[in-house]
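One-letter residues, chain by chain:
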Amino acid sequence: MNAALHVIAAEANGIKITGIRKGYKRMIDGDFLTLNINHLQKMVHRGGTLLRTARSQLFLTLEGRQLALKHLQENNINALIAIGDDGTFKGLLAFSDHQAFF
């Protein structure tokens with residue numbers, strides 16, 4: 001996953017990249033990490049993910065998704081790219097119902 005976070009093109013175009021530690025679980029808590037090319041170049045050859053992973057039962061609820069959306073908006077995050085498996089994409093599908101984000 002670290003290789004997927006490579007941000008050269010984004011930085012070249014003035015786009016700020018923010019990672020969310022432990023996925024949906026910490027999105028609800030507002031645990032974000034600003035990612036930059038210097039930091040990621042040190043990590044790209046390592047396995048796993050510097051952002052870590054986690055499951056979230058709270059994200060399965062409307063209340064949890066609303067809280068996650070609130071933290072995204074407070075941090076001026078206006079796009080979401082998810083990297084993961086079936087659970088990740090099921091979460092995105094549930095989150096896509098929140099039209100205010102998109």
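Everything discussed here concerns the structure shown above.
Residues numbered from 1 in each chain as written. Predicted model: local features only at pLDDT ≥ 70, side-chain atom pairs only at ≥ 80, totals over all residues. Heavy atoms only, no water.

Topic: helix α4 (residues 62–74)
Right, so step 1: In this model α4 runs 18 Å from its N-terminal to its C-terminal C-alpha over 13 residues, within 8% of the 18 Å that 1.5 Å per residue would give.
Right, so step 2: For α4, the full list of buried residues reads Gly64, Arg65, Ala68, Leu69, His71 and Leu72. Projected down its long axis, α4 carries its buried residues within an arc of 160°, all on one side.
Right, so step 3: Residues of α4 that are buried sit in contact with β1 (17–20), α2 (23–29), β2 (32–35) and α5 (86–95).
Right, so step 4: One or two residues past the end of α4 sits Asn76, with phi positive at roughly 55°. (Helix = DSSP H or I, 4+ residues; strand = E, 2+ residues; numbered from the N terminus. Expected span 1.5 Å × (residues − 1). Buried < 20%, exposed > 50% of the residue type's maximum accessible area, 1.4 Å probe, protein only. Arc of directions from axis to C-beta. Contact = heavy atoms within 4.5 Å.)

Describing the pattern of salt bridges
Right, so step 1: Counted according to the given criterion, the structure contains 5 salt bridges.
Right, so step 2: Between Asp29 and Arg26 there is a salt bridge, and its shortest N-O distance comes to 3.6 Å. Separated by 3 residues within a single helix, Asp29 and Arg26 lie in helix α2, roughly one turn from each other.
Right, so step 3: Given a relative accessible area of 26%, Arg26 falls into the partly exposed group. (Salt bridge = Lys/Arg side-chain N within 4 Å of Asp/Glu carboxyl O.)

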